[in-house]
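A structural walkthrough
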Amino acid sequence: MRVAVCPGSFDPITKGHVDVVARAAGLFDEIIVAVLCNYEKTPTFSTDERVDFAKKALARFENVRVEAYDGLLVNYAKDVGACAIIKGLRAVTDFEYEFQMSLINKKMNPEVETLFLNTNSDYMYLSSSLVKQIAAFGGDITDFIPEEITEDIQRRLIRRTK
Ligand code: PNS
């Protein structure tokens, strides 16, 4: 069975993330969407919230499951039996950082490949942080956030900024 990990902070998951996961799900037997608990940036949403949002947004995919993880990604990938790490690339600006990460991950665990999927051009401009700004100022985020969680995110962000 071919398992791949789609890691990220998912703070929160966007339609761009869902698009990448959906395409990865067509290539592998199982995709584990891995939500990093402790990352350098302080997340807006707690780990439980980010996992819950991702679960709701991805519920329709039978071969996708969502988990929280902590520590090194390559160790996590090994623990869950994944042969690949999948990352979405929006633009050249993403590439340098992602390339560096893929090389260091390969050095730490040569058995796990990193694969890049180009983001759908509809979502090239999208980022979780921009969506949060729009929502915090009462803008409409329906084009950017999966419909299963849009209302919830809008409500929580407005409350947090008041
Ligand atoms: O959504 P992001 O912020 O681009 O995700 C980055 C993430 C969480 C995939 C990356 O920071 C990560 O895997 N962190 C875990 C620690 C790790 O393994 N770092 C790479 C080697 S230093």
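These figures come from a predicted structure and were not determined experimentally.

Here the focus is helix H4 (residues 92-108). Here H4 is 17 residues long and its end C-alpha atoms lie 25 Å apart, about the 24 Å a rise of 1.5 Å per residue gives. Along H4, the positions that sit buried rather than exposed are Asp94, Glu98, Ser102 and Asn105. Buried residues in H4 make contact with helix H3 (73-79), strand S4 (84-89) and strand S5 (113-118).

Turning next to the side chain of Glu98. Residue placement: Glu98 occurs in helix H4. Since its relative accessible area comes to 11%, Glu98 is described here as buried. Reaching out from Glu98, the side chain makes a polar contact with the side chain of Lys87 at a distance of 3.3 Å. With sequence-adjacent residues up to four places away left out, Glu98 is seen in contact with Lys87, Leu89 and Phe116.

Further remarks concern helix H5 (residues 128-136). Residues Ser128, Val131, Lys132 and Ala135 constitute the buried set of H5. One face of H5 carries all of its buried residues, which in axial projection span an arc of 100°. One or two positions beyond H5, positive phi appears at Gly138, with a value near 80°.

Here the idea is simple: oppositely charged side chains can pair when their charged atoms come close. Tallied over the full model, the rule gives twelve salt bridges. Here Asp11 and Lys132 are joined by a salt bridge, their closest N and O atoms 2.9 Å apart. Pair noted here: Asp11 is in the loop between strand S1 (3-8) and helix H1 (15-25) and Lys132 is in helix H5, with a separation of 121 residues, a long-range link. Given a relative accessible area of 4%, Asp11 falls into the buried group. Close ionic contact of Arg65 with Glu30 constitutes a salt bridge, the shortest N to O distance being 2.8 Å. You can see Arg65 sitting in strand S3 (residues 64-69) and its partner Glu30 sitting in strand S2 (residues 30-36), a full 35 residues away along the chain. Overall, Glu30 belongs to the buried group, its relative accessible area being 15%. The network of salt bridges with common partners includes Glu49, Asp152, Arg155 and Arg156.

Definitions and cut-offs
- Residues numbered from 1 in each chain as written.
- Predicted model: local features only at pLDDT ≥ 70, side-chain atom pairs only at ≥ 80, totals over all residues.
- Heavy atoms only, no water.
- Helix = DSSP H or I, 4+ residues; strand = E, 2+ residues; numbered from the N terminus.
- Expected span 1.5 Å × (residues − 1).
- Buried < 20%, exposed > 50% of the residue type's maximum accessible area, 1.4 Å probe, protein only.
- Contact = heavy atoms within 4.5 Å.
- Polar contact = N/O pair within 3.5 Å; in protein donor to acceptor, adjacent residues only side chain to side chain.
- Arc of directions from axis to C-beta.
- Salt bridge = Lys/Arg side-chain N within 4 Å of Asp/Glu carboxyl O.

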